[in-house]
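# Per-entry structural report
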Amino acid sequence: MERYFGEDDSEGLPAAKQIQREAFSKPDFRADEFLTAYHRFQTLDDLQAQLRKWAQVLGQELVDAINEDYGAFLDLGNQLSGGEDRVQDVKIQIQSFQKETTKVKSSLDRNRDEMDKLLDEKRRVVGLQNRARGLLLFHNRLCDLEAQLEQEESENIETLAKSYLTLAKTADRLKHKEQFIGSRMDRLSIARTKILQRLQQRQKESTDSDERLRLLLFYQEIKS
């Protein structure tokens with residue numbers, strides 16, 4: 001039979017590729033590429049055997065590296081003399097910082113309380129100002145109404161009736177709270193009587209049905 005590989009068949013067979021350190025030391029190592037490159041011409045058992053050997057080698061190298069650096073690590077610890085004193089210094093600084101922080105916080109709390117008091121006082125003053133303006137406005141409008149009612153030829157009676165109703169509603173709401181308004185209720189009552197009289201008189205004189213209806217409605221609202 002014709003021989004294809006020469007006198008010795010084993011001389012023509014390709015050898016299994018041995019795993020080198022560089023194969024798994026690459027930063028872009030990929031397992032699929034690794035298997036593709038090394039599984040040819042050998043069984044998976046052979047490949048696993050090579051990997052186990054490399055695992056043992058690398059494990060021993062790791063142990064050696066740790067043992068070699070361990071002494072240097074201990075020497076570093078011995079060289080850090082006075083470490084406890086430095087830690088104590090840092091602790092004292094931290095405690096001092098905490099005390100300063102507490103003082104600042106207390107100062108801020110006091111300032112905040114003082115600010116709250118000032119804001120409350122400002123609200124109180126603004127409230128008093130608004131109250132004074134309202135009372136002054138009531139007084140001025142009452143005086144204007146009385147002055148108009150003293151004149152025989154006064155403004156339109158409907159305008160006077162509207163002014164009275166505005167004052168009456170304000171007085172009814174505040175007469176028990178404001179002595180200033182309570183003391184002027186008699187004057188407002190006199191103005192009411194005069195307006196009712198003028199409404200009746202104007203209603204008798206008017207020939208306009210719409211005007212007479214408006215006057216009647218004003219009369220009923222003020223009278224009630």
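Residues numbered from 1 in each chain as written. Predicted model: local features only at pLDDT ≥ 70, side-chain atom pairs only at ≥ 80, totals over all residues. Heavy atoms only, no water.

- You'll find the protein entered in an unreviewed UniProt entry as Conserved oligomeric Golgi complex subunit 2, with Trichomonascus ciferrii given as the organism.
- Its UniProt record gives the protein the following Subcellular location (unreviewed entry) comment, quoted word for word: "Golgi apparatus membrane".
- Looking at the protein in UniProt, the text filed under Sequence similarities (unreviewed entry) is "Belongs to the COG2 family." (UniProt positions renumbered as here; feature names shortened; annotations may be inferred.)

### A closer look at the overall build of the protein
- When helices and strands are counted, the protein shows seven helices and zero strands.
- Start at the N end of the protein and walk to the C end: the helices and strands fall as α-α-α-α-α-α-α.
- Relative to its 224 residues, the protein shows a buried fraction of 17%.
- Considering only intrachain contacts with a sequence separation of at least 6, the fraction spanning at least 24 residues in the protein is 62%.
- Just so you have it, the protein exposes about 18,100 Å², and 53% of that area is on carbon and sulfur atoms. (Helix = DSSP H or I, 4+ residues; strand = E, 2+ residues; numbered from the N terminus. Buried < 20%, exposed > 50% of the residue type's maximum accessible area, 1.4 Å probe, protein only. Contact = heavy atoms within 4.5 Å. Areas by Shrake-Rupley, 256 points an atom, 1.4 Å probe, with all protein chains shown as cover.)

### Re the pattern of salt bridges
- For the structure on display, the rule yields 10 salt bridges.
- The partner of Arg187 in a salt bridge is Glu146, and the shortest N-O contact between them spans 2.8 Å. Placement of the pair is Arg187 in helix α6 (residues 185-205) and Glu146 in helix α3 (residues 83-150), with a sequence separation of 41 residues.
- For the salt bridge of Arg214 with Glu158, the shortest nitrogen-to-oxygen distance reads 3.2 Å. Here Arg214, found in helix α7 (residues 209-223), pairs with Glu158, found in helix α4 (residues 157-174); they are 56 residues apart in sequence, far enough to count as distant.
- Judged by relative accessible area, which is 38%, Arg214 ranks as partly exposed.
- The exposure class assigned to Glu158 is buried, which follows from its relative accessible area of 11%.
- Linked through salt bridges whose partners overlap, the residues forming this network are Arg202, Glu205 and Glu211. (Salt bridge = Lys/Arg side-chain N within 4 Å of Asp/Glu carboxyl O.)

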